[in-house]
Structures are given as C-alpha cells and as structure tokens.
Amino acid sequence: MVGYIGYVMFLSRWIQAPLYMGLIVAQVVYVWRFMMELLHLIKLGFLGSPPETAVMLIVLGLVDVVMISNLLIMVIIGGYETFVSRLRIEGHPDQPQWLSHVNANVLKVKLAMAIIGISSIHLLQIFINAARPAITDRELLWKTLIHLTFVVSALALALIDRIMAGGRPKHGTNDGEQVTPLSQERVAA
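Residues numbered from 1 in each chain as written. Predicted model: local features only at pLDDT ≥ 70, side-chain atom pairs only at ≥ 80, totals over all residues. Heavy atoms only, no water.

**Notes on the pattern of salt bridges**
Where we set the bar: Think of a salt bridge as a Lys or Arg side-chain nitrogen and an Asp or Glu carboxyl oxygen that are within 4 Å of each other. Throughout, exposure labels follow a simple rule: accessible area from a 1.4 Å probe, protein chains only, divided by the maximum for the residue type, with under 20% read as buried, over 50% as exposed, and the rest as partly exposed. Strands here are runs of E lasting at least two residues and helices are runs of H or I lasting at least four, both read from the DSSP assignment and numbered beginning at the N terminus.
If you walk through the whole model with that rule in mind, you get two salt bridges. One salt bridge in this structure joins E81 and R86, with 2.9 Å as the shortest N-O distance. What makes R86 exposed here is its relative accessible area of 53%. One salt bridge connects E139 with K143, and the closest N-O pair in it is separated by 3.2 Å. With a gap of four residues between them, E139 and K143 both fall in helix 5 (residues 137-165), about one helical turn apart.

As structure tokens, this is what we get:
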C-alpha cells in the first residue's frame, strides 16, 4: 500500500504538463502581440514622422516582449525538464546550452535575472515618459524601488546558490580539489 501511494505521488508530477502547455499558448499570444506591434512600428516609421521617443518606446516594447518570451521558454523547458520529465534531446543540435546543467536553483537564478531585465525595460520606458504629467514622482520612486528589490532578490538567490554549492565538488576536478598550475605540475612530475 505504501509503495502504491509513493507511485501515485510520483505520477502526480504529470498534473503540471497542462500548465506548461498553457504557457506555450501564452507564448503564441506574445508572438502575435510582437507581430502587431512590429507592424505598427513599420507603418509609423515609413508612413509617418513620429518623434524619436515614440519609436524608442515601441522598440523597447518589442524588446520587452522578446524578454518575456525568453522567460517563458526558460520556465517551459527548464520547469518541465526539472519537475515533470526528461525531454530526451541530448545530442540534438538545437539543445539549449543552459539545459545541460539546469536544476531548480539554476532555474531560479536565471528566472530572477530575466525578471530584472524585463523590469529594467519597464523602468527605462517610465524614465523616457517621465516628462509626461501622467507619470508622478511617486510612481517613479515606487517602480525604482520595486526594480531594486528584484535586483537584491536575484543577488540573494545567487548568493544562496553559491553557499549551497560550497559543499559540492567543483566541475572538472576530483574530490572537490581545485586545479591550480602548481597541482598540474605535481601531476606531471
């Protein structure tokens, strides 16, 4: 009976598969949004004479969509690989390099860095629009503080990951020993 419960718990990871499929649908929505905004930029750029800041804001919006799309890919592929099932794409020429060493901690740090990038784009858009009366000093302050909170959180995650990795062996060494030029000379002797 206990073995059966454990097997059911192990199978329960597949409940997450529809969530990742839903994120793929969200990715399609973002591609559609990107194409519509790109079409708008092309029309505005070639058929009108928009101010430079308007073009810059649209381009930043496009960069924002791409960064969010990258975030979605990391969550879809990394999360599925980490929590549901192996993708079995070893040796495939298109396999993302980061996927070969992904785990929950690496995924958290990568996601935090992506969120910082997205937040930076939003903050830059706010600063470009800062002269408009709709943007208040209070809004600028809060958005800057929120961005700084993301930065501090990402640094904390990276630090925690580094501390936790302190007891693990370093890559490319035996038994956690650091490879130095002196130790290489000893091996050669």
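Further notes follow.
**Some points on the packing of helix 3 (residues 52-84) against helix 4 (residues 104-128)**
What counts is decided by this rule: Helix axes are fitted only over the stretch in contact, all axes being lines through C-alpha atoms; the angle between N-to-C directions runs from 0 to 180 degrees. Here roughly perpendicular refers to angles of 65 to 115 degrees, roughly parallel to angles under 35, roughly antiparallel to angles over 145, and oblique to all remaining angles. Two helices cross in a left-handed way if the nearer one is turned anticlockwise from the farther one by less than a right angle. They cross in a right-handed way if the turn is clockwise. Classes in brief: Ala, Val, Leu, Ile, Met, Phe, Trp, Tyr, Cys and Pro nonpolar; Asp, Glu, Lys and Arg charged; the others, Gly included, polar.
It is at 10 Å that the axes of helix 3 and helix 4 come closest, and there the two elements cross at 165 degrees. The angle between helix 3 and helix 4 places the two elements in the roughly antiparallel class. Like other packed secondary-structure pairs, helix 3 and helix 4 cross with a definite hand, here left-handed. Looking at the contact of helix 3 with helix 4 residue by residue, the class counts come to 19 nonpolar, eight polar and two charged.

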